[in-house]
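# Inside the fold
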Amino acid sequence: MNARSLTEDQYDSAVSLWTATGLTRPWNDPMDDLLRAMSGATSTVLGCSLDGDLVATAMVGHDGHRGWVYYLAVAPDRQESGLGRMMMEASEQWLIERGAVKVQLMIRTNNSPVIGFYDHLGYELSDVQVRAKWLNADYAANTDSAAR
């Protein structure tokens, strides 16, 4: 099993996987995110298929210095099989090949199992704050204050 950039025929499967694993939010269209990543010069969505089914993904991109990983998903029936680790290793390698020197990711603070997963992979809590500002009023109007 190898991770490689998704093909167009896998896009719907990726969004279904993200929905099944609880990564999507009503105010954020995951297909739009996927299309932006796939059309960008500094981003992609990696996927891993098994027996023709997409079983893991990771969206990865960089700004020339820092890399970011989003939408790391493993099919619920394949979790704790090493696929998450493999996808993170593939994401890190993708970033290294493009000159990124650091990789970052965001985890919802109430997602203890995922925090433990990243702790196990050597990721540390950074001494930074992530702040956000909605640039599209439509997105902001569709979120509640807890999600902002």
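Residues numbered from 1 in each chain as written. Predicted model: local features only at pLDDT ≥ 70, side-chain atom pairs only at ≥ 80, totals over all residues. Heavy atoms only, no water.

## Brief notes about the overall build of the protein
Helix and strand counts for the protein come out as five helices and five strands. Of the regular secondary structure in the protein, the N- to C-terminal order runs β-α-α-β-β-β-α-β-α-α. The C-alpha atoms of the protein give a radius of gyration of 15 Å, which matches the 15 Å a tight globule of 148 residues would have. The principal-axis extents of the C-alpha atoms in the protein amount to approximately 40 × 35 × 30 Å. Within the protein, the proportion of its 148 residues that are buried is 34%. Long-range pairs, those at least 24 residues apart, make up 60% of the contacts in the protein with a sequence separation of at least 6. When the accessible surface of the protein is split by element, carbon and sulfur atoms take 48% of a total near 9,500 Å². (Helix = DSSP H or I, 4+ residues; strand = E, 2+ residues; numbered from the N terminus. Rg over C-alpha atoms; globule rule 2.2 N^0.38 Å. Buried < 20%, exposed > 50% of the residue type's maximum accessible area, 1.4 Å probe, protein only. Contact = heavy atoms within 4.5 Å. Areas by Shrake-Rupley, 256 points an atom, 1.4 Å probe, with all protein chains shown as cover.)

## A word on the environment of Glu80
Tracing the sequence through the fold places Glu80 in the loop between strand S4 (66-74) and helix H3 (83-97). Between the C-alpha atom of Glu80 and that of Phe117, which follows or precedes it by 37 residues, the distance is 9.6 Å.

## Let's talk about the environment of Leu83
By secondary structure assignment, the location of Leu83 is in helix H3. Residue classification places Leu83 among the buried residues on the basis of a relative accessible area of 4%. On a C-alpha basis, the gap between Leu83 and Ala73 in space is 9.0 Å, while along the polypeptide they are ten residues apart.

## Quick look at the nonpolar core
Grouped together as the largest cluster of nonpolar side chains are 33 residues, with contacts concentrated most on Trp18, Leu34 and Met87. Where this core is concerned, the elements lending two or more residues are helix H1 (11-20), helix H2 (30-39), strand S2 (43-50), strand S3 (53-62), S4 and H3. Filtering out sequence-adjacent residues up to four positions away, Leu34 remains in contact with Leu6, Tyr11, Ala14, Val15, Trp18, Val45 and Met59. (Core = buried A, V, L, I, M, F, W, Y, C linked by side-chain atoms within 4.5 Å.)

## Looking at the pattern of salt bridges
Overall, the coordinates contain two salt bridges when judged by the stated rule. Of the charged contacts in the structure, one is a salt bridge between Arg36 and Asp33, with a shortest N-O distance of 2.5 Å. With Arg36 and Asp33 both in helix H2 and three residues apart, the pair spans about one turn of that helix. Its relative accessible area of 46% is what places Arg36 among the partly exposed residues. Look at Asp33 and you get buried, because its relative accessible area is 11%. The shortest N-O distance in the salt bridge between Glu97 and Arg98 comes to 3.6 Å. (Salt bridge = Lys/Arg side-chain N within 4 Å of Asp/Glu carboxyl O.)

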